[in-house]
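Examining the three-dimensional arrangement
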Amino acid sequence: MRFGIIGAGPIGSNISKKLVENGHDVKIADARGIERLEGKELTGTPVSVEDVITNIEVLIISIPFHALPSIRNVVDQVGEEVIVVDTSNYYPHISNRIEEIENGMVESVWVSNQLGRPIIKAFNNLLAYTLEHERTPEGTSGRIAIAIAGNDQQHKQKIMVIANELGFDAVDSGSLSDSWRQQPGTPAYCTELTKEELTIALKKANKEKAPYLRDKAIEKLLAATNRYSHKDIVNLNREIYNS
């Protein structure tokens with residue numbers, strides 16, 4: 001398949017690398033300009049943001065949450081047949097408070113509104129380290145799973161197949177309005193669960209408690225005197241998000 005990726009941070013670059021390794025054609029861009037890619041070790045073809053949206057089947061957007069409205073003019077030029085995937089997460093201390101979300105709008109619904117088109121929510125409930133280092137072959141015992149939400153069942157199914165190729169089981173987490181179940185503060189978020197465990201975790205999510213638990217986890221991470229290891233972060237998330 002032909003992919004375009006906007007965003008060359010840890011998530012975008014890891015996805016690009018894994019897609020190329022699986023034989024896909026991948027272009028990658030930085031929304032702020034192609035010069036931002038200079039000196040970065042990237043797998044995939046570095047291009048301008050204008051070129052990244054041409055002749056593709058899937059567009060993966062992996063930029064900070066607050067920057068999403070800034071690429072509306074780019075997304076407006078993407079063909080209707082192209083699957084648009086968003087990997088972002090809302091953290092008020094980084095993105096500043098967005099009143100619509102604070103008042104209850106589902107984060108991914110807000111993103112879809114800002115981009116002006118339907119999206120698939122995927123690759124947001126795993127840490128970058130997990131994406132890079134924890135993939136395993138299909139059928140492996142204890143294989144980690146990714147939650148994928150969206151309203152278009154065919155588009156969602158295609159991204160679930162891609163997730164499997166990249167080394168992770170995929171769980172259909174429902175419509176875009178259900179995607180809050182895989183966002184920060186929920187038991188499904190960055191807790192490295194199997195398909196069966198993730199299915200249960202999605203059902204256990206509490207929409208009202210999630211923002212409080214998200215902020216509690218961030219507070220602990222920021223207050224730590226020693227740097228948390230990857231496994232420490234996963235365990236912290238498990239402890240707090242299941243409380």
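Residues numbered from 1 in each chain as written. Predicted model: local features only at pLDDT ≥ 70, side-chain atom pairs only at ≥ 80, totals over all residues. Heavy atoms only, no water.

This part takes up the packing of aromatic side chains. In the structure shown here, the tally under the stated rule is three aromatic pairs. Between the aromatic rings of Phe-65 and Trp-110, the centroid separation amounts to 5.0 Å while the plane-to-plane angle is 15°, which identifies the pairing as stacked. Here Phe-65 is found in the loop between strand S4 (58-61) and helix H3 (72-75), whereas its partner Trp-110 is found in helix H6 (residues 107-115), with 45 residues between them in sequence. Since its relative accessible area comes to 2%, Phe-65 is described here as buried. For Trp-110, a relative accessible area of 5% corresponds to the buried category. Centroid distance Tyr-189 to Tyr-241: 6.2 Å. Interplanar angle 55°. Geometry classified as tilted. Remark: Tyr-241 occurs in helix H11 (residues 230-241) and Tyr-189 occurs in the loop between strand S8 (169-172) and helix H9 (195-204); sequence separation between them is 52 residues. Members of the aromatic cluster, connected to one another through ring pairs, are Phe-65, Tyr-90 and Trp-110. (Phe/Tyr/Trp six-rings, centres within 6.5 Å; stacked < 30°, edge-to-face > 60°. Helix = DSSP H or I, 4+ residues; strand = E, 2+ residues; numbered from the N terminus. Buried < 20%, exposed > 50% of the residue type's maximum accessible area, 1.4 Å probe, protein only.)

On to the side chain of Thr-191, then. Inspection of the secondary structure assignment puts Thr-191 in the loop between S8 and H9. For Thr-191, a relative accessible area of 1% puts it in the buried group. For Thr-191, the side chain forms a polar contact with the main-chain oxygen of Pro-187, separated by 2.7 Å. Setting aside residues no more than four positions away along its own chain, Thr-191 makes contact with Val-234, Asn-237, Arg-238 and Tyr-241. (Polar contact = N/O pair within 3.5 Å; in protein donor to acceptor, adjacent residues only side chain to side chain. Contact = heavy atoms within 4.5 Å.)

Okay, unusual backbone geometry next. The backbone of Cys-190 sits at a positive phi, close to 55°, despite the residue not being glycine. As for its position among the elements, Cys-190 is in the loop between S8 and H9. Phi is positive for Glu-192, which is not a glycine, with a value near 55°. Locating Glu-192 in the fold gives a position in the loop between S8 and H9. When its relative accessible area of 9% is taken as the criterion, Glu-192 is described as buried.

Let's shift gears to the layout of surface pockets. By volume, the largest pocket amounts to about 1000 Å³. Taken together, 42 residues make up the lining of the largest pocket; nearest its centre are Ile-11, Pro-64, Asn-89, Tyr-91 and Ile-94. Broken down by secondary-structure element, the contributors of at least two residues to the lining of the largest pocket are helix H1 (10-21), helix H4 (92-95), helix H10 (210-223) and H11. Among the elements that take part in the lining of the largest pocket, H10 stands out by supplying five residues, more than any other. Taken together, the residues of the lining of the largest pocket break down into 24 nonpolar, 13 polar and five charged. For the second largest pocket, the lining is made up of 15 residues, of which Ile-101, Glu-107, Lys-207, Pro-211 and Arg-214 are closest to its centre. Here the element with the most residues in the lining of the second largest pocket is H10; it accounts for three residues. (1 Å grid on protein atoms, 1.4 Å probe; cavity = no way out; pocket = protein on both sides within 12 Å on 5 of 7 lines; lining within 4 Å. Points joined across faces, edges and corners; volume = space filled by probe spheres on them. Nonpolar A, V, L, I, M, F, W, Y, C, P; charged D, E, K, R; others polar.)

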